Structure formats: structure tokens, C-alpha cells
Amino acid sequence: MRDYTPPVDEYRFLFGHVLAPEFRGLAAHERVDDATLAAILDGIGTFARDHVLPLADRADAQGARIENGLARAPDGYRDAYQAYVRDGWATLGVAERHGGQGLPLTLSMCADEFLSSGSIAFALYASLRVGVYEVLAAEGDPSPGAAFLHHLASGEWTGTMCLTEPQCGTDLALIRTIARPDPAGDGTYRLDGTKIFITGGDHDLTDNIVHLVLARVADGPPGLAGLGLFVTAKYLADADGQWRTPNGVECARLEAKMGIHASATAELRFENSRAWMIGEPGKGLAGMFAMMKLARIGTPFQAIGVAELATQNAHAYAMERIQGRDAVDTAERASIPIYRHPNVKRELARMRVWTTSVRMLATFTALINDQSVSGAPEVRARATALLPLLMPVSKAAVTETGVDVVTAAMQSYGGHGYIRDNGVERLLRDVQILPIYEGTNDIQALDLVLRRLPAAGGAVMAALLDWLDAEATALSAQVGNRSVGDQTIALLATLRGITAELGDLLVHDRFAALQSARDYLWLVAHGVMSVLWLRALAALEKPLEIAVDADAKRAEATFYFSYLAPDAQLRAARLRNHASLKDALNALIPNGREPAE
């Protein structure tokens, strides 16, 4: 890929204006003024551009591999990761008591966007460690994971989460990995079992790897109630305190994948591996969900990173690529740069505005997560209620958009995008994993409709709708173009009506409700993004110094409301056609045709 310009000013505009109400309410905000924010983001962006991006294509071609029984990351990755740790980027969101900088976790996720522009595969090695750290840090002191905590906090070691097994994906009740109390009676356990699809499960970037493992407690009840959460590591400390004693964690193989070749996706075998239980027996799933929560909030930033890089490079290519005569000004006979063709111009704008729109959605969700641990009880309670609604919406909408944007980039390149020379095909292969990670996007939609929509008798969803309505009403009076305010208010009225219809369907026709879940998720996404765009437009009306080009930002908003937001009406129409859709689905794919055993 070509050079990369980190979108630092986009985040300055977001934190300083669009999302200022959420950002300024954080305790750590006082240490992050505009200059500090710019310095942090410029620093990590420069690191991604200078240390990670130059390795990306070669690392993809070489891939992670096993040599002489040891898992190896691509050449150059260990040095780049060690530089990442040495420069302090691993500690952005780590608590000061653990040697970190104590900054909002949202900033770590913004940094993850920039790293992902360099390479998703590299970013994955760095990002999962944060979730393991957060789970262990939440245990307090003393904690079974205390011995691992500071190594994770500094980035000296990486971490993984181990859930999936060959027979067990979404249905975690099928887990077979077993945890038996150590015969020594010292309170530790011994793990035996196989986990698959473990991102960063084995590699040589660090000298040790910490694993959070969901396993079945011996002699416990069947199903989810019998699961416990355990922490273990590839190596344990020896008598001299050196972490070099093998712990029975073996990498059986690295998965051969469509993309993210440089990421070591491992099959791990635990054989009598010593482990420590985190929390209580039977509460393992709740503990692992704490890590999955951060992964679901963070995965969208990886999609944004790829979309940003694809957008920048597609635009640069379109400015230079001479092809075709002007079909608008037919008097011009010479071939023209392709960006001047109306359809190409539209697609370039669509890529840019989609990326900007979902960045707002993902960052808003991440800030609500930061608010969920606020010291202010009212703020914490509101954020804790809203976060489970926003997480599946952000994860699904943003990652789908990432795939869409990179696909559009390949179209902009044409045949030159399909070959490897320009790097677009690598981005398209890599980004495909993100709608699958942390629960496929249909699972996210089902979570929203089955669990979040009816929560507290629908009161939580009603609270989100009330907040959106209040924001839209207030902001409509502040924007120069009142029509977009009216459009947003009308969209939110549609969303409220559809929400009531869907709630009724959950009671009387669950099939119709569940097959409609994905369209409903997108309707919610458009509701939130429309309000955030109103915030952006309202900020541009104020006589304040802003980091972005005001006219360009107004044009982006116009494109969103004119071209992207009307998708919400399509989603609403599909939802209202639920009865005929149900009939068609059952006619096309009737039940009772499972193969005989």
C-alpha cells in the first residue's frame, strides 16, 4: 500500500466537539487536552505508518508458521512489537497502579485503529492482551492472576482468550476442556483439552503468553453452570523466579486462513497445564464475557483502520489513474483521471463518509463503556444500561461497513486491485474476519433483539430512544439545514414504531422477529449515527476553532443524509414485510429436511 496519513484531526474533532459531552465526563479527561490528544494519536499513527505498514505485505506473504516445532511470527514483527512496548504504546489504557498511563480505554481503541491501518494481523497481537489485563485487574488484590498482571500491563507478555473447541463454537455448553483440582491440594487446577481458533495463541514476539481459558470444572453440573474461568501461561516460574518452565501448553498447528496470514491463529492443546481459577466455580462465562465485551467494542476499530487505509489509497489511485473520456463534458476528447467520473466520485465519497460515520458510532460506544466505570453513580448507571444495546450495534454495523468500504476500494482499482501489487486484495482478505470475530454479526443482531430489546420490560431500549429523541430535537434547532433535523426526527419515530412492532412479534411470532433482527440492528445504527451527525453539524455552527475543514465536513453530512441514511427506510420496509418474508423463507427452505443420521 501507499503511504498512510493517520486521521488525527478526525479524532480531535470527535473528542473536542461531537463526543465532548461523553469525553469530558471521564475522570482521566483532565490529563488529555487537545494538544496531548494530538500528540498521542500522532505518535501511534507515526509508529503504525513507519514500523508496521512497511512490513504488512511481506508479512502476509510469509505468514505465521511453525519452524522446528516453534511458532514464529513473520520476520520483523518481533522487533516492531518490542518497539511498540518500548515506546510505551502498550500502556495507554493501563491503570497507573500497574505502571500504565491511566488514560481512557477509548484512546487505546483509537490507537488500535491506527495499528490496524498498518496491519490487522499485527494489531491483533497487541489488542487481546488488554482484555486479559482488564479481567485480571478487576479481581483486585490478592488475585490468582497477580503474578501475570504486571507483565501483561507493560506489554512484556501477550494474552489470549480460549473459548472455541472443535465441537463447540457459539454453544459454549458443549465445552469439554476439563479443569481438575491439583492433587497437591494447593488450590490450583490442571487443564486438559483442545482449543481452536486462538488468536495469537503461540508466537515468538514475547517470551511468554498468558491464556484465559473457559473450562469445565471436574464434578461440576452440566451445561454453562459447570464452567469456570482459568488463567494459565505457556511458561511458569522456576525456583529462581525465571519464567521458563514449560506448562503443557502446546501449539498443535496454526490455522490456514483466507486472510490475516501474519496472525498466528493456533490450535492449543492443554495437557496437565497448571492453572488458577478466576472468580467462582460456575461463574466462568460471566468472567470471560468481561473480556469478550472489550473485544466486541474494540473489533470495530480494526475495521475502521482497514477502511481508512483503503479509502486513502483508493482516492490517491483515482486521482492518478487516467482512463476513459469525460461523459459529462463531451467536448473534452482526452482521457481523464477516473475520479472525475460521477460514479467513481460517488464511490470515493461513500467510502469516506461511511468510514467517518462508523468511526463516530464506534467511538461513542467506547466512551459509553468508559462511562460505565465512572465514579458518578448516575453516569455509571446510565452507561451500564445503554452499553449492552450499543455493543452489538457497533460491532455488526462497523465491521460490515469495513468489508463494504474495502470492496469499493477494489472496484476503484479495477483489475489492479485484484492482483497483489497494490495491497488491496490483502485488505479485502484480512477484513473478512471481523464480521465473524466475537460472535458473527447475525449473532450480534439476535443478542440485540432476544436479550436487549425486552430487557427490563423494554425500559432500557425506551431509555435509548428517549435520549435519541431529546438529542435530535435539541440539535435540530442548532443546525443550519433544518431538513436533516426533520429527517432524523422522522427516522427516530420510525425506529420507535418498529421497536414496538418487534416487541409484539417476540411474543406472538418469534420466527418473524428473529429473521428481522439484522435489519432492526441497522435501523438502530442509523438512528445513533444520524444524531451524531447532527452533533457534528451543530458544532460547525459555533464560532470555535476546529481541527477539520468545516465545508468538507458539512459536505460529508450532506452525503450521509442524502445517500446513506435512506437505507434506514429500506430496513424499515423489510421489517414491515415480515409476514410475507416468513412465508417465502419457509417455502424456499422448509423444515424437516435434515439428512438422516
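For the structure itself, look to the data block above.
The numbering scheme is per chain: residues are counted from 1 as the chain's sequence reads. With pLDDT at 70 or above as the cut-off, local features in this predicted model cover only qualifying residues; side-chain atom pairs require 80 or more to be listed or tallied, and sums for whole chains, interfaces and linings still use all residues. Excluded from the side-chain calculations are hydrogens and water; all other atoms, namely the structure's heavy atoms, are used.

Participant: Describe in detail helix H12 (residues 424-431), supporting the description with residues and values.
Facilitator: Using a 1.4 Å probe on the protein chains alone, a residue whose accessible area is under 20% of its type maximum counts as buried, one over 50% counts as exposed, and one in between counts as partly exposed. Numbering of helices and strands starts at the N terminus; helices are DSSP runs of H or I of at least 4 residues and strands are runs of E of at least 2. Counted residue by residue, H12 has eight buried out of eight residues, so it is predominantly covered. Of the positions making up H12, those classed as buried are Val 424, Glu 425, Arg 426, Leu 427, Leu 428, Arg 429, Asp 430 and Val 431. Should any heavy atoms of two residues lie within 4.5 Å, those residues are considered in contact. Taken together, the buried residues of H12 touch helix H3 (34-62), helix H6 (120-138), helix H8 (284-320), helix H10 (377-413) and helix H11 (415-418).

Participant: I'd like a description of the pairing of strand E6 (residues 209-217), backed by residues and values.
Facilitator: Counting buried positions over the nine residues of E6 gives nine, a clear majority of the element. Any two strands with at least two DSSP-identified bridges between them are counted as paired. Pairing of strand E3 (residues 158-162) with E6, which is carried by five bridges, proceeds in the parallel orientation. Paired with Thr 160 across the bridge in E6 is His 211. For E6 and strand E7 (residues 227-233), the ladder comprises seven bridges, and the chain directions are antiparallel.

Participant: Explain the environment of Ile 336 to me, using residue names and the numbers behind them.
Facilitator: With respect to the helices and strands, the residue Ile 336 is situated in strand E13 (residues 335-337). Judged by its relative accessible area of 0%, Ile 336 is buried. Put simply, Ile 336 and Gln 323 are 13 residues apart on the chain and 5.8 Å apart in space, counted from C-alpha to C-alpha. Excluding its chain neighbours within four sequence positions, the residues that come into contact with Ile 336 are Arg 321, Ile 322, Gln 323, Gly 324, Arg 325, Asp 326 and His 341.

Participant: Describe the environment of Thr 363, naming the residues involved and giving the relevant values.
Facilitator: Following the sequence through the fold, Thr 363 ends up in helix H9 (residues 342-371). Put simply, Thr 363 and Leu 505 are 142 residues apart on the chain and 32 Å apart in space, counted from C-alpha to C-alpha. Non-local contacts of Thr 363, meaning those with residues more than four positions away in its chain, are made with Tyr 11, Leu 14, Phe 15, Leu 19, Thr 106 and Phe 301.

Participant: Can you break down the side chain of Asn 247 residue by residue, with the values?
Facilitator: As for its placement among the helices and strands, Asn 247 is situated in the loop between strand E9 (243-246) and strand E10 (249-254). Residue Asn 247 is classed as buried on the basis of its relative accessible area, which comes to 5%.

Participant: Requested: an account of the nonpolar core, with residues and values cited.
Facilitator: Inside soluble globular proteins, nonpolar side chains tend to come together where they are buried. Among buried residues, the Ala, Val, Leu, Ile, Met, Phe, Trp, Tyr and Cys ones that are joined through side-chain atoms within 4.5 Å form a nonpolar core. Grouped together as the largest cluster of nonpolar side chains are 168 residues, with contacts concentrated most on Phe 47, Tyr 77, Tyr 84, Leu 115, Phe 230 and Tyr 520. For this core, the element with the highest residue contribution is helix H17 (residues 517-540), accounting for 18 residues. Every residue in contact with Tyr 84, bar those within four places of it in the chain, is listed here: Ile 44, Phe 47, Trp 89, Ala 90, Leu 115, Ala 126 and Arg 129. Ranked by size, the runner-up nonpolar core spans 33 residues in total, among them Leu 128, Ala 153, Met 291 and Met 292.

Participant: If you had to explain the layout of surface pockets to someone new, which residues and values would you point to?
Facilitator: Each pocket or cavity is described by its volume, and for the second largest pocket that value is around 1200 Å³. Forming the walls of the second largest pocket are 48 residues, and the residues nearest its centre are Glu 134, Lys 293, Asn 369, Ser 372 and Val 373. Among the elements of the structure, H6, H8, H9, H10 and helix H13 (441-452) are those that each provide at least two residues to the lining of the second largest pocket. In terms of residue count, the dominant contributor to the lining of the second largest pocket is H8 (eight residues). Residues belonging to the lining of the second largest pocket are distributed by class as follows: 23 nonpolar, 12 polar and 13 charged. The rule is simple: put a 1 Å grid over the protein atoms alone, call a set of points where a 1.4 Å probe fits but cannot get out a cavity, call an open set with protein on both sides within 12 Å along at least five of seven lines a pocket, and count a residue as lining if it has an atom within 4 Å of a point. Grid points are joined across faces, edges and corners, and a volume is the space filled by probe spheres set on the points. All amino acids are sorted into three groups, where Ala, Val, Leu, Ile, Met, Phe, Trp, Tyr, Cys and Pro are nonpolar, Asp, Glu, Lys and Arg are charged, and the leftover types, Gly among them, are polar.

Participant: Summarise the packing of aromatic side chains; cite the residues concerned and give the values.
Facilitator: Think of it this way: a Phe, Tyr or Trp ring, Trp meaning its six-membered ring, pairs with another when their centres are within 6.5 Å, and the plane angle makes it stacked under 30 degrees, edge-to-face over 60, tilted otherwise. Tallied over the full model, the rule gives 19 aromatic pairs. Residues Tyr 84 and Phe 122 carry aromatic rings whose centres are separated by 6.4 Å and whose planes lie at 90 degrees to one another, so their mutual orientation is edge-to-face. Note that Tyr 84 is positioned in helix H4 (residues 77-86) and Phe 122 in helix H6, a separation of 38 residues in sequence. Judged by its relative accessible area of 6%, Tyr 84 is buried. Among the aromatic residues, ring-to-ring pairing joins Phe 47, Tyr 77, Tyr 81, Tyr 84, Phe 122 and Tyr 125 into one connected group. Criterion for a charge above a ring: Lys NZ or Arg CZ within 6 Å of the ring centre, and within 35 degrees of the ring normal. Looking at Arg 359, its charged tip hangs above the ring of Tyr 11, at a distance of 5.6 Å from the centre.

Participant: So what's going on with the side chain of Asp 567? Which residues, and what values?
Facilitator: Within the element layout of this structure, Asp 567 appears in helix H19 (residues 567-576). Under the relative-accessibility criterion, Asp 567 is labelled buried at 18%. Within the structure, the side chain of Asp 567 is placed 2.9 Å from the side chain of His 526, a separation counted as a polar contact. In contact with Asp 567, not counting residues within four places along its chain, are Trp 522 and His 526. Polar contact criterion, stated in full: a pair of N or O atoms within 3.5 Å, where within protein one must be able to donate a hydrogen and the other to accept it, and residues adjacent in sequence count only if both atoms are side-chain atoms.

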